[in-house]
Structures are given as structure tokens and as C-alpha cells.
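Each chain, written out:
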Amino acid sequence: MTEKPRSGTTRNHGEKLLPSSPRANSPSPSTTSSTLTQQFADIIRRYNYYSEHIRRILKDTDKSYCEINDTRVLSSEKVSRMHLSKADRDFFDALETRPLALIICSQTYNGKSRFVNELLNESLLPEAPVIDQYDVVRMVRIKNHPIQGASLNISGSFEIINPDNMYKNVSWTTVPRDDLVVNGTGDLHPLAEHDDENDQQETASLEIRKPLKLLNDDLQIVITPSNQRLNMKQIYTQITENVVPIFIYVIEQDTLSSNDIEELRFFRSIVPNEPILFIRIDQSTNSMNVGETSCVQIFRQLCDLGFLSILGNTTGDMSPDTAPLFQSDIIDNGLANFTHFLTYIRKHIDRLIIRAVSILQRSHEICLDLFNDSAFDMARDILITPKRLSYTREREKNLYESLIALTNSKQNEIQKLILQAISEMHETLADQACSVDIPGIELTDQLTVKHARDLKKCTTYIQEFILIKLNETIANKLLDSINVLHDNYVGTLTRCLFSLENNASDADESELSTSKALQEILHSAYEVNITLPADSNLFQILIDKMKELFRTFSWSQCPRIDPEFKRSVALDILNNLSEVKLAKTVCTQLNDRIRMSHENFETLLKQLEHRHSDRLKTTEDKQQRVRKEYTPKIARLLLESTSLKDLIQYGLPKQGREVGRGQYGIVYECKSWANHLSCVIKSVMPPDDRHWNDLALEFHYLRRIPEHPRIVKLIGSVIDYTNPDQTPVLLIMERLKRDLYAALKTRLDFSTRMRIALDVVEGLRYLHGLGLVHRDIKLKNVLLDDANRVRITDLGFCKPEVMMSGSLVGTPIHMAPELFTSKYDHTVDVYAFGILFWYICSNGVKLPTNFDVCSSKDILWSAVKKGVRPERLMDFSDECWEIMTKCWDTQPSQRPYLGEVQEKIEQILNNSRKTTN
Ligand SMILES: Nc1ncnc2c1ncn2[C@@H]1O[C@H](COP(=O)(O)OP(=O)(O)OP(=O)(O)O)[C@@H](O)[C@H]1O
């Protein structure tokens with residue numbers, strides 16, 4: 001698409017933007033050839049103008065997404081969610097690179113030629129009887145070109161079919177029959193043989209180039225072939241090749257034949273969402289009167305096919321995603337004037353642009369949602385991870401101390417356990433030892449050992465056998481007594497470590513392994529070793545003890561290694577075990593083991609803390625970039641895409657008289673816009689990028705807030721690009737009667753004022769419930785309707801708590817002292833409400849004297865920081881005074897919940913009503 005100069009750039013603010021809005025620029029009822037050409041040109045200019053904006057927004061969007069991708073503030077999975085789909089990209093590519101084409105279809109060739117000739121206002125195509133209904137007619141492409149010419153083109157190629165078929169020195173005014181009809185004769189014998197070359201000749205299209213006022217580089221006409229042996233799909237591919245199609249179906253017979261119906265049905269099946277404009281013309285070239293009966297009949301047939309609806313088509317609905325089938329339309333008596341035709345073409349083109357801009361808008365919305373979610377996740381991570389780490393440390397310390405205390409206190413118990421195990425198993429073990437096979441020992445016929453060292457081996461083997469058995473029993477008993485602790489501590493610790501591990505999952509592998517290592521240590525320290533497997537330390541202790549006991553054993557007697565010997569060795573060890581010594585050694589060993597594990601745990605936890613603190617630093621950087629850089633950038637793109645959509649659909653709002661002024665903009669009345677009566681236009685001219693961003697965020701958050709009776713309704717937005725040096729952003733909102741400042745000037749009765757206070761609290765609670773903080777509550781941002789009910793406005797500083805980066809914003813007298821520390825939360829709104837409530841109770845707009853004496857903003861702020869607040873006025877009741885003083889408490893944590901404030905004001909209101917009654 002090429003850039004087109006804008007025309008009619010004179011502008012009466014709010015009245016006219018060129019290209020003008022669809023409604024403001026409706027074609028005149030009777031369209032002559034020259035106005036038709038003019039209006040067509042306007043439509044195409046408008047299309048180019050908006051396309052250019054869309055291209056720019058798309059380019060900026062791609063650039064921003066690239067940056068977001070490169071800086072990895074979002075995971076690649078999230079980034080892929082906001083990227084445009086392949087189908088969307090193809091759509092943009094088509095809009096950018098292809099011209100629009102009116103694709104003219106009809107029941108007969110004659111219908112098409114009559115319509116096209118009428119549209120171009122010249123006899124370009126031969127009509128009946130030169131071409132008859134059985135002629136095989138080529139597809140024709142008509143282009144605007146300064147030099148007249150024609151050629152035969154093969155579909156899908158830029159080549160012409162054969163140099164002989166190039167029409168040089170075309171001088172005709174009407175295309176000769178032979179150039180249009182396949183084989184020139186018009187006879188297509190069904191049994192005629194076709195080779196490839198003949199097929200190409202037959203299906204080649206005729207391209208006509210000539211100076212045509214109606215067309216231009218961005219608009220062509222394509223006439224579908226007639227009676228060709230191609231199927232509908234091939235025809236569809238051929239006629240839509242390299243163009244953005246607008247389908248026109250000319251009906252020139254009384255009804256649709258079964259063949260027409262079949263073709264239309266097929267068309268619908270291959271492109272269900274493509275709308276068609278049906279244009280009914282009469283059969284006779286002379287009469288323009290069309291019979292009503294046939295009109296009704298055709299209408300019914302098209303309804304049956306699903307192109308039209310008895311309820312009326314929805315061409316007025318500009319939503320790009322809804323009911324595309326019913327965007328088809330029908331025009332009766334289509335050649336009489338082209339008014340309806342032009343209206344349809346403009347709406348169709350608007351729909352294309354709206355679809356494009358909606359794709360961008362949706363992508364921006366997804367991106368901002370992802371930012372919001374990730375800002376929330378990051379804030380939570382930054383807040384919770386250190387707490388989780390210290391909790392883990394605490395729990396482990398508790399576990400360690402309890403285990404040490406337990407093992408110390410359990411020495412007696414362990415001693416008893418050992419004694420009990422020995423006595424329980426005494427006989428059984430002795431019996432089992434009798435039948436034990438000792439491997440790797442060579443015995444004589446008398447069952448004696450051949451070498452002295454084998455006797456020691458036999459003895460050791462039986463001793464070990466006994467100890468393994470004993471070990472199992474003791475370990476199980478020990479484990480039972482420590483199980484309670486395991487459940488209490490190890491479970492919690494494991495869970496805590498697991499979540500730390502999960503937290504670190506976005507980070508590198510080493511963090512994962514640290515967490516894993518901690519888990520392993522936990523298990524080895526407090527679980528695995530307590531089960532005392534055969535190769536555990538406890539076992540080794542017992543073996544060592546045994547060795548001490550049996551050092552004096554004499555082997556000179558050379559006993560027989562028979563069951564009796566085995567039993568006596570077993571009994572020896574069982575009888576000589578000292579449970580006291582064993583228990584003590586077991587406890588010491590357990591203590592050592594636990595202490596060692598505890599120290600390991602501490603070392604690794606420190607490492608984990610370091611890694612998390614590095615990670616959290618990166619997270620904080622990301623959080624700042626998301627808050628301060630990317631969110632405003634995408635919000636601005638969203639403001640542009642949404643505003644462009646609104647501009648195309650509803651045009652520029654008409655600006656009425658000024659109703660108010662803020663620091664950043666002027667508010668004008670506007671009688672109606674976008675089907676809304678009584679609106680205001682807040683016109684803001686952002687002086688720099690920062691203000692642009694603030695405005696874009698205000699727009700974004702206000703737009704995302706579900707409708708609520710206490711929050712002003714945003715109807716839409718438009719950026720006025722008329723003057724490229726000054727592009728005011730117009731936010732269109734519902735109109736209210738006045739602001740609270742104006743209302744208090746006229747004085748209000750007590751219950752009305754309490755009602756207003758309650759409404760403000762309700763609105764604030766709603767915003768806080770959505771995670772938003774208003775940050776600029778003041779008299780002028782509280783709007784009142786005719787019944788003095790409130791709608792909170794000016795969400796310029798309103799942000800989700802997780803997106804706030806501690807900026808100093810607000811209106812001085814309403815600003816809480818902690819705003820200067822950069823660390824604050826939603827309670828700044830409670831503070832501001834306290835000041836607002838002071839005004840409400842004072843029933844006026846006079847500054848509190850304590851503030852009035854401050855000669856500058858800085859003096860006021862330093863007084864506020866020192867605790868200076870508005871003075872109590874004579875007629876303040878205790879209850880009201882208590883509410884305001886609590887709300888403006890210096891300590892944010894001491895300020896009341898708005899729910900409590902609401903209850904108290906309700907009580908005050910009820911009491912006042914009772915007194916009045
Ligand atoms: N929707 C509305 N209906 C009626 N009047 C409105 C509406 N919105 C704003 N106004 C009037 O316009 C004035 C300016 O509004 P605006 O939101 O631009 O600025 P502000 O809140 O007064 O100041 P600032 O933006 O500097 O904080 C308001 O004080 C109010 O009187």
C-alpha cells in the first residue's frame with residue numbers, strides 16, 4: 001500500500017477529521033459518475049490512511065515485543081502467547097502488500113459486464129448479444145494504467161502465456177469478443193481434446209490496463225470466468241490471487257438457478273466468513289424496474305443459503321469477531337444509483353481495518369495482562385522468599401534441638417530397648433545361630449578348622465549374624481519413638497524446601513541442586529540414619545564393642561564348628577553385651593550425626609540464601625522494567641490501537657463547551673458519541689513521553705475496571721491525528737452534573753454529605769478489591785450525578801498495588817506522609833479520604849487553617865510529616881472527628897479498614913436520620 005496524501009485537513013476541532021468517520025461521510029443519495037469516482041477515491045484514501053497507522057502500530061509492537069523477548073522479563077511461553085498468530089500475520093501481510101479488488105461474480109457473464117460497464121461508466125466489456133450465455137469467458141482483471149494495454153496471463157505467474165497473445169497497440173474501447181472468449185468461437189465441444197498448453201490457454205486471464213478514474217494502484221476489478229471447466233476452488237484461488245477481495249454477486253435473473261445455488265453453497269463452504277454484496281439488476285437493459293415478487297424470492301433463497309438474515313443483516317455491527325456471515329448484504333435495483341453500493345464498500349473496508357486493529361488491540365491486552373500477572377508473581381516472590389528461608393532456618397533449628405534433647409533424654413530408654421531386644425531375642429537368635437552356614441571356611445572331617453585364623457572368622461561371622469538381627473530390632477523400636485518428631489518437623493521442612501526449589505525453578509540449575517542437596521541432607525540426617533541399616537554407624541559401633549569383648553577369646557582348644565559351637569558363640573555375645581555402654585555410644589553417635597547434618601544444613605542454607613538474594617535482585621530489576629518501561633509502552637500502543645478502532649467506528653466526537661479543567665487537560669461536553677448520550681471529552685495533550693505513559697496507563701486501568709456505579713464510565717478514546725504536531729488524546733466519558741468541589745460550594749445537607757462519603761468509600765473499596773490504588777482522591781475527582789450520587793474519576797495515578805514503584809504522586813494536601821518514603825500501599829487512599837472527609841464535614845471548600853498557613857508545598861509537606869493535620873471545627877461531632885483522625889494517622893498500619901469506616905459513617909447517617917425524624 002502506498003502512502004496517500006490526506007485531503008480536507010481543515011479542522012473545526014471535534015467536528016471533522018480526514019478521512020472522515022463512516023457516519024459523517026455517507027455517500028450522497030444520488031451518485032453521479034463523477035461523485036462516484038470522488039467518493040471511491042475518498043474511501044480508498046481513508047483505507048490507506050488508517051492502514052498507515054496500523055502499520056506503524058504493528059511496527060512499534062513488533063519492536064517492543066522483540067525487546068521484551070530479549071530482556072527475558074517474561075518466560076518464552078508467555079511471550080509466545082502475545083505474539084500474533086500465523087493467520088494474523090498473513091492478514092497483515094495481505095493488507096500491506098496487496099491491492100483491494102472488487103471481485104464481480106454473477107449468474108451470467110452478461111450480469112457482470114453490465115454492472116462493470118455501469119460502474120466504470122464506459123462500454124469496456126462486450127454485452128449480449130455479442131457474448132451469449134454459452135460462451136466460455138476468461139477471467140478478466142481490470143487495472144488503472146496510464147497507457148492502454150492488455151495481455152493474457154497465467155494464474156500464479158507473472159508471465160504472459162505466449163507473446164502472440166500480447167495485445168499490442170490496443171486501440172479498442174470495447175474489448176473484442178475474441179480476446180475475451182476462449183477459442184474466440186465460443187464453442188467448447190465437450191469431447192474436444194485438451195493438452196496442457198491448451199488448458200493454459202483456456203484458463204489464462206485477460207488483463208486490461210487503461211486509464212480509469214475509478215480505479216487506482218490500490219483498487220482493481222476482477223471479473224470471474226464464465227462456463228470454464230475449472231472447479232469453484234480453482235476459480236476462487238485464481239480470482240483472489242494477490243488481492244484483498246471484496247465479493248460482489250450480480251443477480252440479473254428472477255431467481256437463483258439450482259446451479260447458482262450450488263455454486264454459492266460451495267463458495268460458503270470454502271470461505272464461510274467471506275461476506276458478499278448481492279446486487280439485483282433487472283434482465284432488460286432498458287427498464288430499471290424490478291419485480292417485487294422475484295426480489296422477495298431471491299431474498300428468501302439467500303436467507304436459506306445463510307448469506308442474509310430475515311432479522312436484517314448486521315452490517316452496522318462493527319465488531320470484527322462477530323457474525324461475519326451476516327455482513328453480506330443485498331441491494332435492489334443496483335444500477336440505478338450506487339449510494340448503497342458505496343456504503344457497503346466503505347463498511348467492508350472499515351471492517352478489514354477494524355479487524356487488523358483489533359488483532360493488535362487483543363495482543364496488547366494479552367501482553368498487559370501478562371505483565372500484571374508477572375508483576376504480581378514477582379512482588380510475591382520478593383516478599384515471600386526471604387520469609388520462607390528464615391522459616392526454614394527456624395524449623396530446622398527446632399528440629400535439631402529437639403532431636404539432640406531427645407537423644408540425650410532417651411539414653412535410658414535406648415538402654416531399655418537394647419535390653420528388651422536382647423532378652424526377647426535371646427533364645428531365638430541362639431537357635432538361628434546353630435543352623436547358620438559359614439561361607440568360605442574349610443573344615444576337617446572332625447569339623448575343626450584347618451587354620452587358626454578360620455576360627456576367628458567363624459566366631460566373627462556368628463557375632464555379626466547376631467548383631468545384624470539385634471540391630472534390626474533395636475532400630476525399629478528406636479524409629480517408632482522418633483517418628484512423631486519426623487512427622488512434625490521433617491514434613492514441614494521438606495515442604496518448605498520444595499517451595500524454595502520451585503521458586504528457584506526460573507533460575508539456573510545450581511539453585512535447584514542446592515535445594516535438592518538440602519532435602520537430601522534432611523533425609524539422611526533425620527530419616528535414613530535413624531532406620532539403622534546394616535552398614536550404618538551404629539552397627540559399626542556394635543562390631544567394635546564386640547571386638548573389645550572378644551579380644552581375650554582363646555582358640556587353642558580348637559573346637560568343632562558344629563551347632564553347639566555356634567550356639568555357644570551366640571550366647572556368649574548375647575550375654576556379654578553391655579546395654580548401658582551400648583546405649584551411651586548409640587546416643588553419642590546419634591548426636592554427632594545430627595550435629596554434623598545440622599551444620600551441613602546451615603552451610604547449604606546460607607548458599608541458598610545467597611543464590612536467592614542474587615535471583616531476587618534480578619527479579620527486582622525485571623519488576624522495575626515491567627512497571628516503568630514495558631507496561632507504559634504497551635499501554636500506549638493499546639491506547640493507540642483502541643483509539644484508532646474507536647475513531648474508525650465512531651469518528652471524532654463533537655466538542656461542546658468547556659466544563660472543567662485539570663492540570664493535564666480540558667474537559668468538554670459532548671452531546672453524543674458512539675451511541676451514548678451526554679458525554680464529556682477529556683482532551684489531553686501529553687507534553688512528553690512521561691505524560692503519554694501516565695495517560696495510557698489511566699486509560700488502560702480505567703478501561704479494565706468492570707462497570708461499577710461508583711466509578712466513572714469510560715466510553716472510548718480517540719487520538720486526533722489531524723494535526724501531526726499536536727495529537728490530543730480524547731477520553732470520552734459519561735457526563736456527570738458537577739464535582740464535589742462545586743457541590744460543597746453550594747453547601748449540602750448533612751445526610752447528603754454522609755451519603756456522598758459512603759459512596760466514596762464504596763468506590764474506593766471496589767478499586768482496592770481489584771488490587772488498585774487511586775492515589776489522587778480529592779474533591780474534584782469525586783463527581784456527582786443529579787441525585788448527588790458519586791462516581792470517582794481521574795484514574796491518572798490509579799495503579800495495581802504490584803505495579804506501583806513508589807513515585808511521588810497526588811495532590812499535596814491529600815498526600816499521606818509515607819508517600820515521600822517511596823514505600824506505600826493502598827492506605828494512602830484512606831489518608832486522602834480522611835482529608836476529603838474533613839471537607840465533607842466542614843461543608844465547604846475552604847482550606848484547613850493549619851494547611852492554609854503553609855506558604856508553599858514544601859512547607860506544607862514538612863508540616864504534614866511532623867504530624868500537622870487539619871484542625872477540628874466547631875460543628876464536628878466526636879464520631880466524625882474520630883473517623884478523620886484515624887484515617888490520617890501517620891502510621892499506615894493504624895489507619896482503619898474502609899469496611900470499618902463505612903460501618904461508622906452508616907451509623908452516623910442512621911442516627912442523624914432518626915434525630916431528624
Ligand atoms: N465526567 C465528567 N462529567 C462532568 N464533569 C467532569 C467530568 N470529568 C471531569 N469533569 C470536570 O472537569 C474537571 C477537570 O477534570 P480532570 O479529570 O481533567 O481534572 P482534575 O481531576 O480536576 O485535575 P487533575 O487531572 O489535574 O488531577 C473536574 O474537576 C470536573 O469538574
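Everything numeric here is computed off the predicted structure, so don't read it as measured data.

When you go through the chain residue by residue, the secondary structure sums to 24 helices and 18 strands. Here the chain, with 917 residues, has 38% of them falling under the buried criterion. Across the chain, every contact between residues at least 6 apart in sequence was considered, and the portion connecting residues at least 24 apart equals 78%.

Bringing the sheet that holds strand 1 (residues 100–106) into the picture now. Each strand in a sheet pairs with its neighbour through backbone hydrogen bonds, running either in the same direction (parallel) or in the opposite one (antiparallel). Spatially, the 8 strands line up as an open sheet ordered 3-4-2-5-1-6-7-8, and their pairing is mixed. Both outer strands of the open sheet, strand 3 (149–153) and strand 8 (329–331), are each paired with one neighbouring strand and no more. Within this sheet the neighbouring strands show an average axis-to-axis angle of 20°, counted without direction.

On to the site of the ligand, then. The local shell around the ligand holds 22 residues, among which G660, G662, Q663, V667 and K780 are the closest. When contributions to the shell around the ligand are tallied by element, the ones reaching two or more residues are strand 9 (658–661), strand 10 (665–673) and strand 11 (676–684). With 3 residues, strand 9 is the single largest residue contributor to the shell around the ligand. Counted by class, the shell around the ligand contains 8 nonpolar, 7 polar and 7 charged residues.

With that settled, consider the packing of helix 20 (residues 827–842) against helix 23 (residues 878–887). Relative orientation of the contacting elements helix 20 and helix 23 amounts to 150°, with a least axis distance of 7 Å. On the basis of the axis angle, helix 20 is roughly antiparallel to helix 23. In this structure, helix 20 meets helix 23 at a crossing whose hand is left-handed. Of helix 23, the residues touching helix 20 (which contributes V830, Y831, F833, G834, F837, W838 and C841) are C880, I883, M884 and C887. Of the residues in the contact of helix 20 with helix 23, the class split is 10 nonpolar, 1 polar and no charged.

In this section: the confidence of the model for the chain. Of all residues in the chain, 78% attain a pLDDT of 70 or more, and the chain-wide mean is 80. Low pLDDT, under 50, characterises residues 314–326; the predicted model gives this stretch 23 contacts beyond four residues in sequence or across chains. Overall, residues 505–514 carries pLDDT values under 50, and its contacts beyond four positions in sequence, including any with other chains, amount to 12 contacts. Confidence estimates for the predicted assembly give a pTM of 0.73 and an ipTM of 0.97.

Glancing now at the UniProt feature "binding site: ATP" (unreviewed entry) in the chain. UniProt's feature table lists "binding site: ATP" (unreviewed entry) at K682, given in the numbering used throughout. Mapped onto the fold, K682 is located in strand 11. By C-beta crowding, K682 is classed as buried, having 26 other C-beta atoms within 10 Å. Aside from chain neighbours lying at most four places away, what touches K682 is G665, V667, L731 and M733.

Before going further, it helps to spend a moment on the environment of Q411. Checked against the element boundaries, Q411 lands in helix 11 (residues 411–434). Separated by 152 residues in the primary sequence, Q411 and P563 have C-alpha atoms spaced 36 Å apart. If near-sequence neighbours (up to four positions away) are discounted, Q411 is found in contact with A583, K584 and C587.

Before going further, it helps to examine the sheet that holds strand 13 (residues 729–734). Read from one edge to the other, the open sheet built from 5 strands follows the order 9-10-11-13-12, with strand pairing classed as antiparallel. Where the open sheet ends on each side, the last strands, each with one partner, are strand 9 and strand 12 (714–719). Averaged over all pairs of adjacent strands, the angle between their axes in this sheet comes to 25°, without regard to strand direction. Note that strand 9 and strand 10 share 3 bridges and pair antiparallel. From the neighbouring strand, G660 faces strand 10, where its bridge partner is V667.

Next up on the list: unusual backbone geometry. Of note, the amide linkage connecting A128 to P129 takes the cis form, showing an omega dihedral of 5°. Position of P129 relative to the elements: it lies in the loop between helix 4 (109–120) and strand 2 (140–144). A positive phi angle, near 55°, is found at R72, a position not held by glycine. Mapped onto the secondary structure, R72 falls in the loop between helix 1 (33–71) and helix 2 (76–82). The exposed category is assigned to R72, around which 12 C-beta atoms lie within 10 Å. Positive phi values are uncommon outside glycine, yet N843 reaches one of about 55°.

Core analysis: the biggest nonpolar cluster contains 177 residues, and I104 and I248 have the highest contact counts within it. In terms of residue count, helix 10 (residues 339–409) provides more of this core than any other element does, 18 residues in total. Counting contributing residues per domain, this core is built from domain 2 (651–735) and domain 3 (738–917), each supplying no fewer than three. In contact with I248, other than residues within four places in its own chain, are L102, I103, I104, C105, L277 and I279.

Attention now goes to helix 11. Because each turn of an α-helix spans 3.6 residues, side chains separated by three or four positions in sequence point in the same direction. Its 24 residues place the ends of helix 11 33 Å apart at the C-alpha level, agreeing with the 34 Å of an ideal helix rising 1.5 Å per residue. Along its length, helix 11 shows its largest kink, about 55°, at H426. Restricting attention to buried positions, one finds in helix 11 the residues I414, L417, I418, A421, I422, L429 and A433.

Before going further, it helps to spend a moment on the domain arrangement of the chain. According to the domain assignment, the chain contains domain 1 (375–623), domain 2 (651–735) and domain 3 (738–917). Its C-alpha centre places domain 2 at a distance of 25 Å from the equivalent point of domain 3. In this complex, domain 2 contributes 11 residues to the contact, which on the side of domain 3 involves 16 residues.

Here is what the cut-offs are and how they apply
Residues numbered from 1 in each chain as written. Predicted model: local features only at pLDDT ≥ 70, side-chain atom pairs only at ≥ 80, totals over all residues. Helix = DSSP H or I, 4+ residues; strand = E, 2+ residues; numbered from the N terminus. Buried ≥ 20, exposed ≤ 12 C-beta atoms within 10 Å, placed from the backbone. Contact = placed C-beta atoms within 7 Å. Pairing = 2+ DSSP bridges. Axes fitted to C-alpha atoms, helices over the stretch in contact; angles between N-to-C directions. Near = placed C-beta within 6 Å. Nonpolar A, V, L, I, M, F, W, Y, C, P; charged D, E, K, R; others polar. Parallel < 35°, antiparallel > 145°, perpendicular 65-115°, else oblique. Left-handed = near helix turned anticlockwise from the far one by under 90°. pLDDT = per-residue confidence, 0-100. UniProt positions renumbered as here; feature names shortened; annotations may be inferred. Core = buried A, V, L, I, M, F, W, Y, C linked by C-beta atoms within 7 Å. Domains from an automatic or database assignment. Expected span 1.5 Å × (residues − 1). Bend = angle between axes of the 7 residues up to and from the residue.

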